[in-house]
Amino acid sequence: VEDPIFAKSAMRIAASGNLNPRTFAHPGSTLIYPLAAVYHFWHAAAHGGSKLEAQFIAEPAPFYLLGRLLTVVYALLSIPLIYWIGREYFGDTAGLIGTLLATLHPTEIFDKQVRTDSASLLFCLLGLWCCLRLYRRPSTMHQLITGAAIGLAIGTKYYLGTLVAPL
């Protein structure tokens with residue numbers, strides 16, 4: 001089932017320019033704000049930027065398609081992170097096997113909706129990978145990058161604050 005909260009919040013931001021989405025569902029910031037930018041630029045290019053909200057109400061399908069494409073991009077960006085984490089912990093072979101299994105999992109290919117699932121996967125893996133890098137090569141810069149990655153994960157879903165434990 002499509003979750004209209006994220007698409008509608010992103011549409012309101014893109015239409016009004018007001019960065020307040022009026023609701024933070026999980027909070028979903030890493031989906032809402034990039035999606036608002038995609039909506040804004042796509043609508044400006046395709047329709048001259050006029051009456052975005054009316055276009056969304058009249059024909060929401062292209063907006064949901066753009067949201068689904070963004071979630072697919074997030075899922076695709078998580079694939080190298082799966083390999084890097086597997087390689088870091090268990091070696092190249094395990095990294096490749098984990099990446100293959102994750103890539104061939106049917107829901108990662110066919111079950112894309114405008115939801116925070118693939119964004120949470122991406123930013124959780126990014127935070128975990130950064131924690132591993134920080135552990136192997138401690139530095140102030142790695143600490144800042146790891147903190148930012150964990151912040152993005154928490155900005156996707158609150159419970160990803162559990163990444164503070166590996167940190």
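The coordinates are above.
As the structure is a computational prediction, the values presented were derived from the model and not from experiment.

S.K.: Is there a simple way to think about the overall build of the protein chain in this case?
M.R.: When you go through the protein chain residue by residue, the secondary structure sums to eight helices and zero strands. Counted from the first residue to the last, the protein chain has its helices and strands arranged as α-α-α-α-α-α-α-α. Overall size of the protein chain, expressed as C-alpha extent along the three principal axes, is 50 × 35 × 25 Å. Residue burial in the protein chain is summarised as follows: out of 167 residues, 38% are buried. By sequence separation, contacts in the protein chain at least 24 residues apart represent 63% of the contacts at least 6 residues apart. Total accessible area on the protein chain stands at roughly 9,200 Å², and carbon and sulfur atoms take up 67% of it. Here the protein chain carries 12 positive and 9 negative side-chain charges, and the mean point of each set is 6 Å from the other.

S.K.: Teacher, can you tell me more about helix H8 (residues 140-156) here?
M.R.: One full turn of an α-helix is made of 3.6 residues, so residues set three or four places apart face in the same direction. In this model, H8 (17 residues) spans 25 Å end to end at C-alpha, consistent with the 24 Å of a helix rising 1.5 Å per residue. Elements in contact with the buried residues of H8: helix H2 (29-47) and helix H7 (117-136).

S.K.: I would appreciate a short explanation of the nonpolar core in the present structure.
M.R.: It is characteristic of soluble globular proteins that their nonpolar side chains tend to be buried jointly. Formed by 35 residues in total, the largest nonpolar core has its most connected members in Tyr39, Tyr74 and Val114. Going through the elements one at a time, helix H1 (4-16), H2, helix H3 (52-58), helix H4 (61-90), H7 and H8 are the ones with two or more residues in this core. What Tyr74 contacts, discounting residues up to four positions off in sequence, is Thr30, Leu31, Pro34, Ser118, Ala119, Leu122 and Phe123.

S.K.: Whenever I open this one, the environment of Ser16 confuses me. Can you help?
M.R.: Secondary-structure assignment places Ser16 in helix H1. Spatially, the C-alpha atoms of Ser16 and Leu52 are 9.1 Å apart, while their sequence positions differ by 36 residues. Only 2.7 Å separates the side chain of Ser16 from the backbone oxygen of Arg12, close enough to count as a polar contact.

S.K.: Can you walk me through the environment of Glu88 in this structure?
M.R.: With respect to the helices and strands, Glu88 occurs in helix H4. Every residue in contact with Glu88, bar those within four places of it in the chain, is listed here: Leu132 and Arg136.

S.K.: Sorry, what's going on with the packing of aromatic side chains here?
M.R.: Given two aromatic rings, their pairing is described by the distance between the two centres and the angle made by the two planes. For the structure shown, the criterion picks out seven aromatic pairs. Taken together, a centroid distance of 5.2 Å and an interplanar angle of 85 degrees make the contact between Trp42 and Phe63 edge-to-face. Linking Trp42 in helix H2 with Phe63 in helix H4, this pair joins segments that are 21 residues apart in sequence. What makes Trp42 partly exposed here is its relative accessible area of 25%. With relative accessibility at 0%, the residue Phe63 sits in the buried group. Site record: aromatic cluster; members linked through ring pairs are Tyr39, Trp42, Phe56, Phe63 and Tyr64. Here the guanidinium or amino end of Arg133 rests over the ring plane of Trp129, the centre of that ring lying 4.9 Å away.

S.K.: What is the right way to read the state of the cysteines from this model?
M.R.: Each disulfide is one covalent bond, formed between the sulfur atoms of two cysteines. Applying the stated rule across the entire model yields zero disulfides. Free cysteine Cys130: the closest other cysteine sulfur is in Cys131, separated by 7.3 Å. Cys130 sits in the buried class, given a relative accessible area of 3%.

About the thresholds
What you see as residue numbers is a count from 1 along each chain, following the sequence as written. With the structure being a predicted model, the display of local features is reserved for residues of pLDDT at least 70 and the display and counting of side-chain atom pairs for 80 or more, all residues being used for whole-chain, interface and lining totals. Computation of side-chain values: all heavy atoms of the structure, hydrogens and water removed. Secondary structure follows DSSP: runs of H or I at least 4 residues long count as helices, runs of E at least 2 residues long count as strands, and numbering of each begins at the N terminus. Note on classification: 1.4 Å probe, protein chains only; a residue is buried when its accessible area is under 20% of the maximum for its type, exposed when over 50%, partly exposed between these limits. Contact definition: two residues touch when any of their heavy atoms are within 4.5 Å. For the area figures, the Shrake-Rupley method with a 1.4 Å probe applies, and any residue is considered shielded solely by the protein chains shown. For the purpose of counting charges, residues Lys and Arg are taken to be positive, whereas Asp and Glu are taken to be negative. His and the chain ends are not included. One atom stands in for each charge, and that atom is NZ of Lys, CZ of Arg, CG of Asp or CD of Glu. For a helix, the expected span equals 1.5 Å multiplied by the number of residues minus one. As used in this record, nonpolar core signifies buried Ala, Val, Leu, Ile, Met, Phe, Trp, Tyr and Cys residues forming a set joined through side-chain atoms within 4.5 Å. Under the rule applied, a polar contact is a pair of N or O atoms within 3.5 Å (in protein, one hydrogen donor and one hydrogen acceptor; residues adjacent in sequence only if both atoms are side-chain atoms). Put simply, two rings from Phe, Tyr or Trp (the six-membered ring, in Trp's case) pair if the centres are within 6.5 Å, and we call them stacked under 30 degrees between planes, edge-to-face over 60, tilted for the rest. Cation placement over rings: the criterion is NZ of Lys or CZ of Arg within 6 Å of the ring centroid and within 35° of the ring normal. In what follows, a disulfide is any cysteine sulfur pair within 2.5 Å.

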